[in-house]
Amino acid sequence: MKKTTTRLADGRELIYYDSADAVVRDAVDRRPLEPVATDSELREDPLLGDTVAIASHRQGRTYHPPADECPLCPSREGRLSEIPDTDYEVVVFENRFPSLTGDRGRCEVVCFTSDHDASFAQLTPARARLVLDAWTDRTRELSQLPGVQQVYPFENRGQEIGVTLGHPHGQIYAYPFVTPRTSLMLRSLGQYAERNPGRNLFDDVLADERADGRRIVLSGEHWTAFVPYSAHWPYEVHLYPHRRVPDLLGLDEEARAEFPEIYLELLRRFDRIFGDDQPPTPYISGWHQAPFDDPHRRDFGLHLELFTIRRTSGKLKFLAGSESGMGAFINDVPPEAAALRLREVASA
């Protein structure tokens with residue numbers, strides 16, 4: 001992997017990731033951009049202990065532009081974009097409309113391909129591996145920023161999820177706090193260790209799912225994908241490496257090499273859940289990594305969580321009174337049925 005770092009016209013960092021060392025990236029951003037102006041602050045909820053980012057400047061972010069005005073496509077004559085070069089493989093750059101900024105974290109955009117009409121599921125295994133390497137590199141670099149406690153690479157896919165740009169891309173949030181979901185995992189991890197000395201919660205969850213088998217979606221030599229026993233979403237899959245590591249930096253070469261095959265197949269199955277005549281399945285996919293300074297980070301288990309808000313053809317799972325008001329989920333699809341369906345739509 002070759003990494004080339006440059007700056008956009010307003011000073012934001014942009015990084016090209018290329019598979020060949022011979023590639024030269026020397027294009028200059030010729031747009032007359034004003035410096036990024038943000039108005040972001042963090043507020044702690046005194047009742048819940050949650051941290052909320054207030055970012056009013058995001059109201060002005062780009063919203064569903066025409067395909068020929070996509071800011072994530074390569075630049076061309078007469079149409080300059082966020083990526084100065086005329087083509088690219090994988091690109092990461094600082095978000096112009098970040099939720100977290102300065103000593104309050106950082107937000108980055110990850111473009112998986114220059115093809116506007118593609119999807120992650122359509123990437124080649126080599127390109128998916130390059131994205132994995134970019135996620136890993138960004139985790140390493142962002143972990144060095146002052147105040148950053150946790151890094152979350154994720155992809156929002158589909159207008160139903162709230163995506164405002166159709167180009168295949170994801171984001172990386174470098175949080176200056178430990179997120180509520182991770183805090184709950186760490187609490188459960190500690191309580192489990194107290195009840196079961198010498199045992200690890202993540203290890204036992206994976207072992208129990210593999211022993212049961214009913215919720216396994218697919219499995220390789222180094223990864224297993226399963227629908228969790230108490231899945232919150234109609235179709236939700238967790239992807240675990242067989243060797244527990246706290247974050248992407250800990251994956252060995254064998255796990256990295258197998259990941260593209262497993263993940264691309266998983267995404268292709270998601271697109272077939274509801275039938276070939278249905279629009280592409282909206283989903284959220286994200287890497288759960290250990291906080292950098294937590295004393296129990298070595299006990300945390302890196303894993304990817306993938307879910308869709310579509311519960312059946314033409315119907316979405318809305319987070320209504322119980323879910324939004326109380327955080328108590330009600331799932332319409334039994335996890336065993338969801339796993340069966342995901343096995344039924346395996347690639348031929």
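Positions within a chain are numbered from 1, following the residues in the order the chain's sequence is written. Thresholds applied to this predicted model are a pLDDT of at least 70 for local features of residues and 80 or more for the giving and counting of side-chain atom pairs; totals over whole chains, interfaces and linings are not thresholded and use all residues. Computation of side-chain values: all heavy atoms of the structure, hydrogens and water removed.

Visitor: Would you explain the overall build of the chain in this entry?
Guide: Secondary structure counts use DSSP, requiring at least four H or I residues in a row for a helix and at least two E residues in a row for a strand, with both numbered from the N terminus. For the chain, the count of helices and strands is 6 helices and 15 strands. A compact globule built from 348 residues would reach a C-alpha radius of gyration of about 20 Å, and the chain, at 20 Å, matches this within 12%. Considered along the principal axes of its C-alpha atoms, the chain spans approximately 60 × 50 × 45 Å. Burial analysis of the chain (348 residues in total) assigns 51% to the buried set. Residue contacts are counted whenever heavy atoms from the two residues lie within 4.5 Å of one another. Across the chain, the fraction of contacts at a sequence separation of at least 24, relative to all contacts at a separation of at least 6, is 63%. As defined in this context, the radius of gyration uses C-alpha atoms, and a globule is described by 2.2 Å times the residue total to the power 0.38. Between buried and exposed lies partly exposed: a residue is buried under 20% and exposed over 50% of the maximum accessible area for its type, with that area taken using a 1.4 Å probe on protein chains only.

Visitor: So what exactly am I meant to see when it comes to the sheet that holds strand 5 (residues 90–94) here?
Guide: Two orientations exist for strands paired in a sheet by backbone hydrogen bonds: parallel and antiparallel. Strand order in the open sheet formed by 11 strands is 1-2-5-6-8-7-12-13-11-10-9, with antiparallel pairing between adjacent strands. Across the chains shown, the open sheet's two edge strands, defined by having one partner strand only, are strand 1 (2–7) and strand 9 (216–219). Neighbour to neighbour, the strand axes of the sheet diverge by 20 degrees on average, direction disregarded. A pair of strands is considered paired only if DSSP assigns at least 2 bridges between the two. In the sheet, strand 7 (residues 150–157) pairs with strand 8 (residues 169–175) via 5 bridges, with the strands oriented antiparallel. Among the inter-strand pairings, Tyr 152 is bridged to a residue of strand 8, identified as Tyr 173. The sheet contacts of helix 2 (residues 180–195) involve strand 7, strand 12 (283–288) and strand 13 (303–308), and relative to strand 13 the element is tilted by about 125 degrees. Each axis is a line fitted through C-alpha atoms, and for a helix only the stretch in contact is used; angles between axes span 0 to 180 degrees, taken between their N-to-C directions. Contacting strand 9 and strand 11 (235–241), helix 6 (residues 335–344) runs over the sheet at an angle of about 40 degrees to strand 9.

Visitor: How do you make sense of the side chain of Asn 95 when you look at a structure like this?
Guide: Structurally, Asn 95 can be placed in the loop between strand 5 and strand 6 (106–111). Among the polar contacts made by the side chain of Asn 95, one reaches the main-chain amide nitrogen of Phe 97 at a distance of 2.8 Å. Those residues in contact with Asn 95, other than ones at most four positions away along the chain, are Arg 12, Arg 58, Cys 107, Glu 108, Val 109 and Gln 171. Side-chain atoms alone can form a polar contact between residues adjacent in sequence; in general such a contact is a pair of N or O atoms within 3.5 Å, and within protein one must be able to donate a hydrogen while the other accepts it.

Visitor: Which parts of the structure should I look at to understand the pattern of salt bridges?
Guide: Where side chains of opposite charge bring their charged atoms close, a pairing between them can arise. Salt bridges are defined by distance alone: a side-chain nitrogen of Lys or Arg within 4 Å of a carboxyl oxygen of Asp or Glu. On inspection of all chains with the given rule, the structure shows 36 salt bridges. For the salt bridge of Arg 12 with Glu 82, the shortest nitrogen-to-oxygen distance reads 2.8 Å. Placement of the pair is Arg 12 in the loop between strand 1 and strand 2 (13–18) and Glu 82 in the loop between strand 4 (51–55) and strand 5, with a sequence separation of 70 residues. Among the residues examined, Glu 82 registers a relative accessible area of 8% and is labelled buried. Between Arg 129 and Glu 253 there is a salt bridge, and its shortest N-O distance comes to 3.0 Å. Residue Arg 129 is located in helix 1 (residues 125–142), and its partner Glu 253 is located in helix 4 (residues 253–272); the two are separated by 124 residues in the primary sequence. In this structure Glu 253 comes out as partly exposed when scored by relative accessible area, which is 45%.

Visitor: Sorry if this is basic, but what is going on with the environment of Leu 33 here?
Guide: Of note, Leu 33 is situated in the loop between strand 2 and strand 3 (40–44). Filtering out sequence-adjacent residues up to four positions away, Leu 33 remains in contact with Ala 9, Asp 10, Arg 12 and Arg 96.

Visitor: Hey, could you run me through the packing of aromatic side chains in this one?
Guide: Pairs of aromatic rings are described using the distance from one ring centre to the other and the angle between the two planes. Two aromatic rings from Phe, Tyr or Trp, using only the six-membered ring of Trp, form a pair when their centres are within 6.5 Å; if the ring planes differ by under 30 degrees the pair is stacked, by over 60 it is edge-to-face, and anything between is tilted. Summed over the entire model, instances satisfying the criterion amount to 19 aromatic pairs. Aromatic side chains Phe 120 and Trp 135 sit 6.0 Å apart centroid to centroid with 15 degrees between the ring planes, which places their arrangement in the stacked category. Taken as a pair, Phe 120 in the loop between strand 6 and helix 1 and Trp 135 in helix 1 lie far apart in primary sequence, 15 residues in all. This pair shows no difference in class: Phe 120 is buried, exactly as Trp 135 is. The rings of Phe 112, Phe 120, Trp 135, Trp 223, Phe 259, Tyr 263 and Trp 287 are connected pair by pair, giving a single aromatic cluster.

Visitor: How should I be thinking about the side chain of Glu 155 in this particular structure?
Guide: Considering the arrangement of structural elements, one finds Glu 155 in strand 7. At 2.8 Å, the side chain of Glu 155 forms a polar contact with the side chain of Tyr 283. If sequence neighbours within four positions are ignored, Glu 155 has contacts with Phe 112, Phe 120, His 169, Gly 170, Tyr 283, Ile 284 and Ser 285.

Visitor: For this particular structure, what's the right way to read the pairing of strand 5?
Guide: Here is the key point about a regular strand: its side chains alternate between the two faces of the sheet. Of all the 5 residues making up strand 5, 5 are buried; the element is thus mostly covered by neighbouring parts of the structure. Side-chain alternation along strand 5 places Val 90, Val 92 and Glu 94 on one buried face and Val 91 and Phe 93 on a second face that is also buried. Inspection of the sheet shows strand 2 paired to strand 5 by 4 bridges, in the antiparallel sense. Residue pairing across strands places Tyr 16 opposite Val 91, the latter belonging to strand 5. Where strand 5 lies against strand 6, 4 bridges are found, and the strand directions are antiparallel. The partner of Phe 93 across the bridge, within strand 6, is Val 109.

Visitor: How do you make sense of the nonpolar core when you look at a structure like this?
Guide: In summary, soluble globular proteins display a tendency toward joint burial of nonpolar side chains. Formed by 52 residues in total, the largest nonpolar core has its most connected members in Phe 120, Trp 135, Val 217 and Trp 287. Look past the residues within four positions of Trp 135 in its chain and what remains in contact with it is Phe 112, Phe 120, Pro 153, Ile 172, Leu 248, Phe 259 and Trp 287. The term nonpolar core refers to a set of buried residues drawn from Ala, Val, Leu, Ile, Met, Phe, Trp, Tyr and Cys, joined through side-chain atoms within 4.5 Å. Ranked by size, the runner-up nonpolar core spans 13 residues in total, among them Leu 8, Cys 73, Tyr 88 and Val 91.

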